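Overview (structure and organization)
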Amino acid sequence: QVRLVESGGGLVQPGGSLRLSCTASGFTFNTAAMTWFRQTPGRLRELVAAITETGDTTNYMDSVRGRFTISRDNDKNTVDLEMNSLKPEDTAVYYCSVLLRSNRYWGQGTLVTVSS
């Protein structure tokens, strides 16, 4: 079965950095585009970053572009989100996700709190 497991969240001060990791299993990883979403209470889950199957192309929401970097390792079945220059508004639960045959799968989420 499809399984996505995130790790790396935690508490960080504004301006700090965190690296989130997602380990995937249960599907052919190198044929699937991977994404990171985030959600705060009372708000819709929003797409943060996406990366194509080979990692050749990435996309970011406007508010994180230039600060966040999504990457993948198809030998290890992992996708990472490097977050730099973090702001309080980046506080959210971050989810790794994949769309497979019209079904979207989610990890359990990892909480990122940006606060002084």
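For the structure given in this document, a descriptive report is provided here. (Residues numbered from 1 in each chain as written. Predicted model: local features only at pLDDT ≥ 70, side-chain atom pairs only at ≥ 80, totals over all residues. Heavy atoms only, no water.)

1. What about the pattern of salt bridges?
- Summed over the entire model, instances satisfying the criterion amount to six salt bridges.
- A salt bridge links Asp 80 to Arg 19; the shortest N-O distance between them is 3.1 Å. Taken together, the residues span a long stretch of sequence, with Asp 80 in strand β8 (residues 78–83) and Arg 19 in strand β3 (residues 18–25) at a distance of 61 residues.
- Given a relative accessible area of 13%, Asp 80 falls into the buried group. (Salt bridge = Lys/Arg side-chain N within 4 Å of Asp/Glu carboxyl O. Helix = DSSP H or I, 4+ residues; strand = E, 2+ residues; numbered from the N terminus. Buried < 20%, exposed > 50% of the residue type's maximum accessible area, 1.4 Å probe, protein only.)

2. Brief notes about the sheet that holds strand β1 (residues 3–7)
- Ordered in space as β1-β3-β8-β7, the four strands form an open sheet in which the pairing is antiparallel. Strand pairing shows two members of the sheet lacking a second neighbour, β1 and β7 (68–73), which therefore form its edges. The mean angle between the axes of side-by-side strands here comes to 15°, regardless of whether they run parallel or antiparallel.
- Two strands pair when backbone bridges link them, and β7 and β8 are joined in this way by six bridges, in the antiparallel orientation. From the neighbouring strand, Arg 72 faces β8, where its bridge partner is Val 79. (Pairing = 2+ DSSP bridges. Axes fitted to C-alpha atoms, helices over the stretch in contact; angles between N-to-C directions.)

3. Notes on the state of the cysteines
- For the structure on display, the rule yields one disulfide.
- With a sulfur-sulfur separation of 2.1 Å, Cys 22 is cross-linked through a disulfide to Cys 96. Measuring the twist about the S-S bond at about -75°, one finds the Cys 22-Cys 96 disulfide to be left-handed. One end of the pair, Cys 22, is in strand β3; the other, Cys 96, is in strand β9 (residues 92–100), and 74 residues separate them in sequence. The pair Cys 22 / Cys 96 is uniform in exposure class, with both members buried. (Disulfide = S-S within 2.5 Å.)

4. Some points on the environment of Thr 52
- Residue position: Thr 52 is located in the loop between β5 (46–51) and β6 (58–60).
- For the pair Thr 52 and Ser 21, spaced 31 residues apart in sequence, the C-alpha separation works out to 16 Å.
- Residues contacting Thr 52, with those up to four places away along its chain left out, are Ala 33, Thr 57 and Arg 72. (Contact = heavy atoms within 4.5 Å.)

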